Each structure stands twice: as structure tokens, then as C-alpha cells.
Amino acid sequence: MKKNMITGSKLWSIAMITSLLAACSSPATTSTTANAATSTTGTTKTVSVSEQTSVKYADLVSLDADDTNISWSETDSTAIKLNGTTATVTGSGAKAANGSVTITEAGTYVLSGELTDGQIVVNVADKGTVHLVLNGATIHDNDSAAIYIQKAGKAVITLEKGTQNTVSDGKTYVYADATTDEPDAAIFSKADLTFNGAGQLTVTGNYNEGITSKDDLKIISGNISVKAADDGIKGKDMVAIQAGTITIEAEGDGINSTNDTDTTKGYVAIAGGTFDIQSGNDGIQAETALVTDGGTYNIVTAGGSANAPAKVEEGPLGGGGWGGGTPLTDMGTPPDGEPPSDMPEMPNNNDTNAGTNTNGAAASSSANTTTTDNNADADTATTATESTSAKALKAGTDLTVNGGTYTIDSMDDSLHSNNNVTVNDGTFSIESGDDGIHADQALTFNGGTITIAKSYEGLEGAIITLNDGDVDVTASDDGVNAAGGETETAANTTASTDSPTTATDTDTTSNISVTEATGTTSTTDQASQGTAANQQGRGPGGMGGAAASNNEFHINGGSLTVNAGGDGLDSNGSINMTGGTVIVNGPTDSGNGALDYDGTFEISGGYLVAAGSSGMAQGTSDASMQNTIVMTFPATQKAGTLVHVQDSKGNNILTFAPAKDYQTVVVSSPNLAKDGSYVIYSGGTSTGKAVDGLYTDGTYSGGTQVVAFQSTSNVTWVNESGVTTANSGMGGPGGGGRQGGFGGGRNRSQSGTTTDTGTTDSAK
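None of the values given here were measured: they were computed from a predicted structure.

Novice: I tried to follow the overall build of the chain on my own but got confused; where do I start?
Specialist: In terms of regular secondary structure, the chain is built from three helices and 66 strands. The buried share among the 764 residues of the chain stands at 59%. With an accessible surface of roughly 27,600 Å², the chain has 46% of that area assigned to carbon and sulfur atoms.

Here's what the structure looks like:
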């Protein structure tokens with residue numbers, strides 16, 4: 001239930017000098033190895049993704065007649081009348097003794113009354129089905145589980161319609177010996193356990209967990225409220241919920257499935273229901289797959305996003321740059337690409353590489369500290385701090401959302417998978433203290449309405465694909481970040497002549513293959529983006545970072561609106577857009593850009609407008625089939641100031657009111673011609689209706705003409721004087737592997753946590 005967050009911390013001046021030494025001591029990257037993202041350490045990073053987007057509840061869950069059986073009669077059942085510390089049994093198959101009731105035969109048992117300190121034990125040797133009907137029953141055990149299914153083929157608990165039932169335990173359990181640790185929940189079953197019926201059940205797990213099954217746990221219906229000292233509802237092999245109203249207040253996870261030894265088990269599947277979950281750890285957590293077809297969810301984890309640890313961008317240590325959040329100072333755009341006057345003197349390239357590593361990261365101060373982080377959130381590692389995993393929806397393998405309504409306030413990621421996340425439909429209102437939606441591998445949207453009102457990074461995954469749906473992201477750092485999900489394998493890289501690594505050189509190429517039910521995301525034989533030729537449409541050309549990785553962001557349809565304090569759209573590899581509408585309100589500081597990619601950004605369809613600061617501005621790539629204009633204003637424009645682009649015939653290309661101050665605007669539209677004549681205006685008004693600042697109708701008037709020009713290429717860079725060349729120079733300290741800044745990944749640390757060393761984060 002815990003996550004070890006790996007962070008690093010150095011004095012800024014030492015980090016700056018060390019990173020500059022590392023950057024200057026490495027040779028220029030010129031590798032064109034097919035589809036290989038190379039680094040100067042001589043390794044190839046490989047992402048291999050195969051995703052299934054059509055899995056549903058019915059594909060994982062099958063029900064039998066016992067699961068749905070709620071019927072019973074007095075003539076064919078055994079009545080158990082609870083009375084204080086005793087019970088009366090009428091019928092066969094059960095006996096009462098010493099304040100407890102033991103059931104030894106399959107059959108139906110109807111419980112009513114109150115047991116103040118005793119236990120209902122099911123111990124059926126023939127593995128038959130035991131049907132317990134809670135017909136207005138209150139059961140409490142001071143030192144063990146109140147209901148304990150020791151042995152049975154299956155146990156079914158029916159909540160009789162119109163009744164209120166209560167099950168609870170004490171804060172301290174008494175076990176037979178020191179090696180025994182079961183049961184540990186108010187309702188505990190070693191067999192498959194099913195809940196059904198239309199009554200109410202309140203469970204209080206004072207000792208540890210509320211409801212636990214060591215096998216399958218199914219909830220068909222009922223009104224179930226659980227309060228637990230640890231996890232609320234746990235099914236080791238499976239948790240399947242078909243319907244019902246479920247309220248959980250848990251110090252640990254709200255709902256979880258924990259089998260980590262069998263890949264066909266450990267999943268959570270939900271067809272529908274109403275869920276109100278407040279958890280100290282994860283809201284709903286599956287060791288393998290998590291599938292939701294529908295339902296209404298209100299999930300708050302660890303007190304919500306307001307309780308998230310503060311995150312600090314640590315500058316170029318590890319190549320992080322000053323990207324993300326608010327930099328210490330606004331570096332602006334140095335003239336003619338010259339470095340700032342106060343920049344430390346660059347070392348001679350003939351200096352030795354001792355004490356540095358050449359992938360842009362400063363050497364660790366402790367040579368004996370080795371850390372590994374599989375979570376794409378933590379890009380570097382020197383010191384480990386332990387923090388709680390408090391994600392709302394979390395899957396160890398694939399997280400698939402087919403529908404439902406979700407209101408989430410999570411301290412940690414709101415949706416998270418150690419593998420793939422697929423959103424096919426659903427309505428989301430998200431506030432996150434970390435990532436809004438995170439996938440270690442593929443993050444795919446095939447539909448739905450997603451509003452991320454608060455996050456550190458909005459969307460993050462190794463390969464992000466928007467096929468359809470409406471996504472609105474607000475992030476204090478990057479809005480969309482295609483990063484991580486990479487494993488290192490030995491490879492030959494023609495660019496790497498640096499100090500040797502422990503990897504063995506082999507001819508290994510990377511392959512990314514993502515198969516989807518809707519849309520396409522696949523790359524083959526893609527050359528690594530390390531050469532200057534592949535930096536088309538890129539702005540800053542200062543001190544280069546690492547070569548582009550295999551990360552990709554694909555936009556094939558739908559709509560995406562981003563308001564980001566860091567980079568708007570950030571890909572450590574490439575961006576490809578074939579359709580849809582993308583609106584980016586990017587950063588106001590010059591250490592980030594509305595667009596930030598390390599490979600190429602090829603656009604062949606759709607509508608793109610991206611506004612932000614000018615220091616790190618990028619446009620789309622020259623190889624694009626659709627044309628783009630990149631306009632840089634002579635001074636920063638105030639938020640809400642209209643920017644209007646029209647052709648020589650007065651046809652509207654763009655009327656846009658950015659949500660924040662801006663100096664550069666990128667627009668790409670099917671209506672732009674390679675050799676067209678255009679006029680750009682600033683200010684004025686429009687009679688149309690704006691959606692996310694973009695006007696698609698109405699009449700524009702009253703603006704001031706900034707420039708008139710003739711476009712000359714697929715990507716035309718313009719300032720107030722006319723057509724110019726692409727942005728160049730240092731531009732400001734980069735982030736996210738930006739070629740033009742100090743390059744490389746990014747370090748994220750969290751304040752207010754104790755430290756440890758040598759920790760591996762498996763992102764569980």
C-alpha cells in the first residue's frame with residue numbers, strides 16, 4: 001500500500017555546474033538507428049505495448065444461480081435467533097455454543113436479533129453452498145471476525161429487503177498462536193463470497209479490514225456501508241460488483257483485489273452501482289486489471305488533492321531543466337542565441353569525464369546508492385522518500401473505463417495504471433495532487449468527457465492517443481506529457497563514444513506497437529531523433545539534451561483543451577496529429593513552451609492553436625502535410641487579448657482569446673495554404689461565441705493589424721516585421737528532454753517527507 005518516491009536534492013549552483021560539465025563533455029548525437037531512441041550511455045530504450053480496449057465486466061465475471069438467489073422460506077431454512085450472548089437455532093445444520101453459532105452443513109440460514117459478543121462460523125466439510133440471510137441481524141465479536149467463513153464451496157449473504165443489519169469486530173484479536181493471522185476482518189471468508197438482496201448492511205472493521213474474501217468477492221446488489229481500520233472491501237482473487245450502493249470509509253484502500261501470483265486473478269470488475277469512497281490509500285485498486293462499465297463514483301483519497309506533498313522541480317540535475325511550474329527567474333530570450341552573461345564558463349571538451357555521467361545527469365554524491373523507479377513520474381533517483389499510494393482508480397496491468405460518472409479528489413494520481421489506461425466513455429470531474437491520468441505504457445481515449453480541474457501533470461503515458469472524446473486539462477506543470485514507459489536494453493549507438501556502461505553492446509532496435517479497437521497508434525522503422533535534421537519546426541537550439549525517445553502523442557480526433565503552468569503538450573519523442581481540435585494555453589515563463597517535443601510534430605489534419613511564452617516556442621515540423629503559422633508578438637499580450645488571423649479575402653482562420661498572458665501563438669488549420677497571404681490582428685472584439693477561448697462564428701472587428709505576410713513553407717514563422725526564421729538560441733532553461741534548453745528529463749521531489757536510500761519504486 002506504500003509507494004517509495006525517489007527524489008534527489010542538490011545545491012542549485014553545484015547542480016548547474018555539474019550538468020554543464022556533463023553536457024559539454026558528451027559528443028553530439030548523430031545516430032539514425034531505425035526506431036531506436038538512443039542516449040549517450042550506450043543503451044536503447046524500448047517500449048513494447050499491446051493493449052486491449054474492448055474488455056468489459058461480462059468478459060471477466062460469470063454469475064451462477066447461487067449468486068443471484070435471494071429467495072428463502074421458513075419451511076426450507078434454519079432460523080438462528082440471536083439474543084445477547086446466546087443464540088437459538090431452529091432447524092438442522094447449525095449449533096449454538098459459548099455465545100457463537102457454528103454452521104456445518106450446506107443450506108439456508110436466516111439470522112435475526114443481536115449477538116453482542118459472539119461469532120457466526122461456517123465450516124462445511126462437503127464444500128457446499130451456505131446461504132446466510134441477514135434479516136435484521138446485529139453481530140459483534142470483541143476479539144475476532146463476527147462472521148467467519150472457514151470452509152465452504154461458496155457463501156452467499158442476502159440482505160433481506162427492508163432490514164438493517166450490522167456486523168462489527170473489536171480493536172484487538174486473539175489468535176490461537178503467534179503464527180496465526182487470520183481472520184482479520186469483521187466479515188472474513190476463505191471461500192468465494194457473494195452479497196445480494198435489497199437490504200442494508202453496515203460493517204465496521206475496528207481491527208483491520210471490513211469485508212475480506214480469500215477467493216472471489218461478488219456484490220450483486222444491496223446497500224453496504226463499510227468503515228475499516230485498513231481496507232474496506234477486499235477480494236484476493238477478484239472483486240466483482242454488479243450493482244448496489246456502496247459507502248466506504250477506510251484508512252487503507254477502499255476496494256482492492258490483491259492476488260499477485262496469478263495473472264488471471266487479482267482484478268476488479270464493476271458493472272454499475274453508486275460508490276462513495278473515502279480512503280487513506282487507494283480508492284479502488286486492482287493487482288491486475290480494473291474494469292468499470294458504469295456507475296456513479298465519488299472518491300476522495302488521503303483527504304484529497306489539497307493534501308498532496310509539494311513538488312519541486314530541481315533544475316538541470318539529471319537534465320531536468322527549469323521546466324515545469326514557475327522557474328526561479330524568467331530567462332527570457334537572449335539575443336542572437338547568445339548565452340546569458342552570467343552563465344558559468346563552459347569547460348573544454350578535452351576534459352575528462354570522470355565524476356560525470358553523459359546522459360545529462362549529475363553524478364550521485366553516493367557511489368553506492370542504486371535506485372530504480374518504474375514509475376514515469378520519477379525520472380531520476382538519488383534519495384528515496386516513502387509516501388502513501390493514494391490513487392483513486394489504480395490497476396497493476398490495464399485500467400479500462402467503459403462508462404460511468406466519476407467525481408474524484410485524490411492526493412495522488414486520479415487514474416493510474418502500471419501498464420495501460422483506456423477510456424472508452426464516461427464523465428470525469430478530477431482534482432488530483434499529482435497526475436490526472438497516468439499510464440506507464442499506453443494511455444488511450446476513445447470517448448468520454450474528461451475534466452481535470454487540478455493536477456500537477458494532466459495526462460502522462462509512454463504513448464498517448466486521443467481518438468475521440470472531450471478532454472479538458474488544467475495542470476501546474478505539463479498538461480500532456482508523453483514520457484516514461486521505457487526499459488533499457490543493450491544497443492550499439494553510433495553517437496556514443498563516452499565512458500563505458502555496464503550494458504553489453506548489441507544490435508538491438510526498439511519497436512513500439514499499439515493495437516487498438518478504435519483509431520491507430522503504431523510506429524515502425526522510425527529513426528531516432530538525435531540529428532539536427534530531425535529538429536524541424538523546433539525553436540531553441542541551445543545546449544542539446546538527450547536524443548528523442550520512443551514516446552509518442554497521437555491526436556486522431558476528439559477535442560483537447562490544456563491550461564498548463566509548464567509545457568502544454570510535451571513529448572519526449574514525437575507528436576502526430578491527424579484530426580480533432582487542440583487548444584493550448586501554455587506557460588507564461590520562458591523556461592517552458594506551449595509545445596515541447598524532442599522528435600517531430602507532424603500534422604496532417606485537425607485544428608491546432610497553442611499560445612504561450614516565446615522563449616522555448618516550437619511550431620510543427622516541416623514534414624507536416626498541413627500548414628502552420630507561428631506568430632511571435634513584439635511584447636507579451638495580456639490574457640484575453642484576441643489574436644485574429646484572416647486570409648487575403650477576409651476569411652477567418654483564427655479568432656482566439658488566450659486564457660493567460662502570451663507572446664507566441666501557433667495555429668494550424670486545413671484552411672491554411674502554403675503560399676497564402678494572411679493578416680494578423682491583435683485586440684478587437686468578436687460577435688461570436690467562444691468555446692475555451694476559440695471563436696468559430698461571428699464577426700471580428702476593431703483590432704490592430706500586427707503584420708501582413710505571404711506564407712512561404714509548411715511552417716511559416718512570423719513576427720511584427722514579417723516572415724522570419726524559426727526561433728533559435730538558448731531561449732531559457734529547458735525541461736522534459738528539450739533540445740534547446742539544458743535538456744534531459746526532470747527531477748521531481750516532494751517536501752515534508754522522511755528520507756531513505758536504496759529504494760526501488762514499482763509504482764504499485
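Novice: Help me out: how do you make sense of the pairing of strand β28 (residues 296-301) in this one?
Specialist: Each regular strand shows side chains that alternate between the opposite faces of the sheet. Because side chains alternate across β28, one face comprises the buried residues Tyr297, Ile299 and Thr301, and the other comprises Thr296, Asn298 and Val300, none of which is buried. Sheet analysis places strand β25 (residues 274-279) next to β28, joined by six bridges and oriented parallel. Directly across from Thr274, in β28, lies its bridge partner Thr296. Inspection of the sheet shows β28 paired to strand β34 (residues 405-410) by six bridges, in the parallel sense. Across the sheet, the residue bridging to Ile299 is Ile408, located in β34.

Novice: When you look at the confidence of the model for the chain in this model, what are you seeing that I'm missing?
Specialist: Segments scoring low in pLDDT should not have their predicted coordinates read at a detailed level. Scored by pLDDT, the chain has a mean of 79; 70% of the residues are at 70 or more. Confidence drops under a pLDDT of 50 for residues 486-546, and excluding neighbours within four residues, the segment shows 208 contacts in the predicted structure. Below a pLDDT of 50 lies the segment residues 729-764, which in the model reaches 195 contacts outside its immediate sequence neighbourhood of four places, other chains included.

Novice: Explain the side chain of Asp412 here, please?
Specialist: Turning to its location among the elements, Asp412 is positioned in the loop between β34 and β35 (415-417). Overall, Asp412 belongs to the buried group, its relative accessible area being 6%. In contact with Asp412, other than residues within four places in its own chain, are Thr301, Thr388, Ser389, Ala390, Lys391, Ser432, Gly433, Asp434 and Asp435.

Novice: What's the story with the packing of aromatic side chains in this structure? I'm lost.
Specialist: Given two aromatic rings, one states the distance between the centres and the angle between the planes to describe the pair. All told, the structure shown has eleven aromatic pairs when counted by the stated rule. Seen in terms of ring centroids, Phe275 and Tyr297 are 4.7 Å apart; in terms of plane orientation they differ by 5°. Their pairing is stacked. Taken together, the residues Phe275 in strand β25 and Tyr297 in strand β28 connect sequence positions 22 residues apart. For Phe275, a relative accessible area of 1% puts it in the buried group. A relative accessible area of 1% means that Tyr297 is categorised as buried. The side chain of Lys311 reaches across the aromatic face of Tyr456, ending 5.6 Å from its centre.

Novice: How do you make sense of the pattern of salt bridges when you look at a structure like this?
Specialist: A side chain of one charge can pair with a side chain of the opposite charge if their charged atoms are brought near each other. The tally for this structure, following the rule as stated, stands at ten salt bridges. In this structure, the salt-bridge partner of Glu182 is Lys214, at a minimum N-O distance of 2.3 Å. Linking Glu182 in the loop between β13 (164-169) and β14 (185-189) with Lys214 in the loop between β17 (209-213) and β18 (216-219), this pair joins segments that are 32 residues apart in sequence. Residue class for Glu182 comes out partly exposed when judged on its relative accessible area of 23%. Asp282 is the partner of Lys394 in a salt bridge, and the nearest nitrogen-oxygen pair spans 2.8 Å. In this pair, Lys394 is assigned in strand β32 (residues 393-395) and Asp282 in the loop between β25 and β26 (284-286), connecting sequence segments 112 residues apart. For Lys394, a relative accessible area of 3% corresponds to the buried category.

Novice: Just to check I follow, could you spell out the pairing of strand β48 (residues 581-585) for this structure?
Specialist: Extensive coverage of β48 is indicated by the burial of four of its five residues. In this sheet, β48 lies alongside strand β45 (residues 559-564) in parallel orientation, the contact comprising five bridges. Bridge pairing links Thr561 to Ile583 in β48. Of the strand pairs in this sheet, β48 and strand β51 (residues 607-612) are connected by five bridges, and their pairing is parallel. In the sheet register, Val584 faces β51, and the bridge partner there is Ala610.

Novice: Teacher, can you tell me more about the side chain of Asn208 here?
Specialist: Position of Asn208 among the secondary structure elements: in the loop between β16 (200-205) and β17. Asn208 gets classed as buried once you look at its relative accessible area, which sits at 18%. Here Asp184 takes part through its side chain, which lies 3.2 Å from a polar atom of the side chain of Asn208. The residues touching Asn208, leaving out its near neighbours within four places in the chain, are Asp184, Ala228, Ala229, Asp230 and Asp231.

Novice: Even after reading the chapter, I still don't get the environment of Lys127, so can you show me in this structure?
Specialist: Looking at where Lys127 falls in the secondary structure, it is placed in the loop between β9 (120-123) and β10 (129-141). For Lys127, a relative accessible area of 52% puts it in the exposed group. On a C-alpha basis, the gap between Lys127 and Glu105 in space is 8.9 Å, while along the polypeptide they are 22 residues apart. Other than its neighbours up to four places away in sequence, Lys127 contacts Lys151, Ala152 and Gly153.

Novice: I'm lost on the environment of Lys218 in this one. Help?
Specialist: Secondary-structure assignment places Lys218 in strand β18. Beyond its immediate chain neighbours, meaning those up to four positions away, Lys218 contacts Ser62, Leu63, Asp67, Leu193, Thr194, Phe195, Met238 and Ala240. Among the polar contacts listed, one links the side chain of Lys218 to the side chain of Asp67, at a separation of 3.1 Å.

Novice: Before we go on, may I ask you to explain the environment of Lys674 in this structure?
Specialist: As for its placement among the helices and strands, Lys674 is situated in the loop between β55 (662-668) and β56 (677-682). The spacing of Lys674 and Ile629 is 45 residues in sequence and 9.8 Å in space, taken between C-alpha atoms.

Novice: Would you explain unusual backbone geometry in this entry?
Specialist: Along the chain, Glu182 connects to Pro183 via a cis peptide bond; the corresponding omega equals 0°. Locating Pro183 in the fold gives a position in the loop between β13 and β14. The backbone of Asp692 sits at a positive phi, close to 55°, despite the residue not being glycine.

So, how was this worked out
Residues numbered from 1 in each chain as written. Predicted model: local features only at pLDDT ≥ 70, side-chain atom pairs only at ≥ 80, totals over all residues. Heavy atoms only, no water. Helix = DSSP H or I, 4+ residues; strand = E, 2+ residues; numbered from the N terminus. Buried < 20%, exposed > 50% of the residue type's maximum accessible area, 1.4 Å probe, protein only. Areas by Shrake-Rupley, 256 points an atom, 1.4 Å probe, with all protein chains shown as cover. Pairing = 2+ DSSP bridges. pLDDT = per-residue confidence, 0-100. Contact = heavy atoms within 4.5 Å. Phe/Tyr/Trp six-rings, centres within 6.5 Å; stacked < 30°, edge-to-face > 60°. Lys NZ or Arg CZ within 6 Å of the ring centre and 35° of its normal. Salt bridge = Lys/Arg side-chain N within 4 Å of Asp/Glu carboxyl O. Polar contact = N/O pair within 3.5 Å; in protein donor to acceptor, adjacent residues only side chain to side chain.

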